[in-house]
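Close look at the chain arrangement
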Amino acid sequence: MAQVIVVTSGKGGVGKTTSSAAFATGLAQSGKKTVVIDFDVGLRNLDLIMGVERRVVFDIVNVITGEAKLNQALIRDKRVETLSILPASQTRDKDALTKEGVATIIEELSKDFDYILCDSPAGIEKGALLALYFADQAIVVTNPEVSSVRDSDRILGVLQSKSRRAEEKKDPVKEHLLVTRYDPNRVERGEMLKLEDIQEILRIPLLGVVPESESVLKASNTGNPVILDEPSPAGQAYRDAVARFLGEDRPMRFVDAEKKGFLSRLFGGRAA
């Protein structure tokens, strides 16, 4: 039976879709049959970040309304054999998603996949609630800023009260924290929340820390999940997070500010 993972946050713009694409790709690279579903109906972006926008013929709403079969809407990734994408609709509104329709899709995908990743819209509107309703595990994505962390705390409350597991009084959704756009130097200057402060507020296990990196924007613009950019710190951070998710013990990287040498401090970092 497949594990359903929701990638969620309370606030938009924190890197949810980037994280969904990277995480799904990483799981597939590990040999796990993985499908990632875009739940952001009307604002479809996952297909762009995955580089499959020109291959979209049918979407999740077409499947729910019976206009297409699931296997017609699924797009096989050309880079990683065990990865598939189910895109959102760009022309319908979120009311086109139904709990029954999503349940049928999840049930059918569970027969063929090890992991089903649900890329949730921000907030707690219908698409987001449906994305998290079926979750067995949740990756809560947050930035090191007060508003982002506060909104993530609100999402944790929703996960604990409105998921199917909560309704059926089963074991709660297993929660993981992913901190993105982390800059240790700005943290040291007091411009961002410390990692310890974020953990103190949210109180869920830390899965990974993704540093602020230009490679994320480059990857998004070229349709290549950043985890495929092996030399980049962001790509390495996502690979670490996937490994930890799968049970591997890896040290947390990219969390400490660089120590400047004497000449760097003297000349403001301009020493040759």
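Residues numbered from 1 in each chain as written. Predicted model: local features only at pLDDT ≥ 70, side-chain atom pairs only at ≥ 80, totals over all residues. Heavy atoms only, no water.

By the naming in an unreviewed UniProt entry, the protein goes by Septum site-determining protein MinD and is assigned to Muricoccus roseus. The UniProt entry for the protein carries the following text under Function (unreviewed entry): "ATPase required for the correct placement of the division site. Cell division inhibitors MinC and MinD act in concert to form an inhibitor capable of blocking formation of the polar Z ring septums. Rapidly oscillates between the poles of the cell to destabilize FtsZ filaments that have formed before they mature into polar Z rings." UniProt annotates the protein under Sequence similarities (unreviewed entry) with the comment "Belongs to the ParA family. MinD subfamily." (UniProt positions renumbered as here; feature names shortened; annotations may be inferred.)

Observations concerning the overall build of the protein
If you tally the helices and strands in the protein, you get 13 helices and 8 strands. Against the 2.2 N^0.38 benchmark of 19 Å for 272 residues, the protein shows a C-alpha radius of gyration of 19 Å, consistent with a compact globule. Summarising its shape, the C-alpha atoms of the protein cover approximately 70 × 40 × 35 Å along the three principal directions. Per-residue burial over the protein gives 51% buried out of 272 residues. Taking the intrachain contacts of the protein between residues at least 6 apart in sequence as the baseline, contacts between residues at least 24 apart amount to 74%. A total accessible area of about 13,300 Å² is found for the protein, and carbon and sulfur atoms account for 47% of it. Seen as two clouds, the 38 positive and the 40 negative side-chain charges of the protein have centres 1 Å apart. (Helix = DSSP H or I, 4+ residues; strand = E, 2+ residues; numbered from the N terminus. Rg over C-alpha atoms; globule rule 2.2 N^0.38 Å. Buried < 20%, exposed > 50% of the residue type's maximum accessible area, 1.4 Å probe, protein only. Contact = heavy atoms within 4.5 Å. Areas by Shrake-Rupley, 256 points an atom, 1.4 Å probe, with all protein chains shown as cover. Lys, Arg positive; Asp, Glu negative; His and termini not counted. Charge placed at Lys NZ, Arg CZ, Asp CG, Glu CD.)

As for the UniProt feature "binding site: ATP" (unreviewed entry) in the protein
In this structure's numbering, the residues bearing the UniProt feature "binding site: ATP" (unreviewed entry) are Lys 11, Gly 12, Gly 13, Val 14, Gly 15, Lys 16, Thr 17 and Thr 18. Along the chain, Lys 11 turns up in the loop between strand E1 (3-8) and helix H1 (16-29). Classification of Lys 11 as partly exposed rests on a relative accessible area of 26%. Discounting chain neighbours no more than four positions away, the residues touching Lys 11 are Lys 16, Ala 122, Glu 145, Ser 147, Ser 148 and Asp 151. Note that Thr 17 resides in helix H1. What Thr 17 contacts, discounting residues up to four positions off in sequence, is Asn 45, Leu 46, Ile 49 and Asp 119.

Comments concerning unusual backbone geometry
Backbone geometry at Lys 169 places phi at a positive 55 degrees, although glycine is not the residue there. Of the residues examined, Lys 169 reaches a relative accessible area of 74% and is grouped as exposed.

Description of the nonpolar core
Soluble, globular proteins show a tendency: their nonpolar side chains are buried together. Formed by 49 residues in total, the largest nonpolar core has its most connected members in Ile 116 and Leu 159. With 5 residues, helix H7 (residues 146-162) is the single largest residue contributor to this core. Setting aside residues no more than four positions away along its own chain, Leu 159 makes contact with Val 6, Leu 132, Ala 138, Val 140, Val 173 and Glu 175. Formed by 35 residues, the second largest nonpolar core is a distinct cluster that contains Leu 46, Val 52, Ile 139 and Leu 178. (Core = buried A, V, L, I, M, F, W, Y, C linked by side-chain atoms within 4.5 Å.)

Here's the deal with the UniProt feature "domain: CobQ/CobB/MinD/ParA nucleotide binding" (unreviewed entry) in the protein
In this structure's numbering, the residues bearing the UniProt feature "domain: CobQ/CobB/MinD/ParA nucleotide binding" (unreviewed entry) are residues 5-226. As a span, residues 5-226 carries 41% helix and 18% strand, and end to end its C-alpha atoms are 19 Å apart.

Some points on the pairing of strand E6 (residues 137-142)
In terms of residue burial, E6 counts as a mostly covered element, since 6 of its 6 residues are buried. Sheet analysis places E1 next to E6, joined by 4 bridges and oriented parallel. Across the sheet, residue Thr 8 finds its bridge partner in E6, namely Val 140. For E6 and strand E7 (residues 174-182), the ladder comprises 6 bridges, and the chain directions are parallel. Pairing of Gln 137 across the sheet is with Lys 174, part of E7. (Pairing = 2+ DSSP bridges.)

A few points about the packing of helix H6 (residues 126-133) against H7
The N-to-C vectors of H6 and H7 enclose an angle of 60 degrees; their axes lie 10 Å apart at closest approach. The angle between the axes of H6 and H7 places the two elements in the oblique class. In terms of crossing hand, the pair formed by H6 and H7 is right-handed. Contacts between H6 and H7 involve Leu 129, Leu 132 and Tyr 133 on the former and, on the latter, Val 158, Leu 159 and Lys 162. (Axes fitted to C-alpha atoms, helices over the stretch in contact; angles between N-to-C directions. Parallel < 35°, antiparallel > 145°, perpendicular 65-115°, else oblique. Left-handed = near helix turned anticlockwise from the far one by under 90°.)

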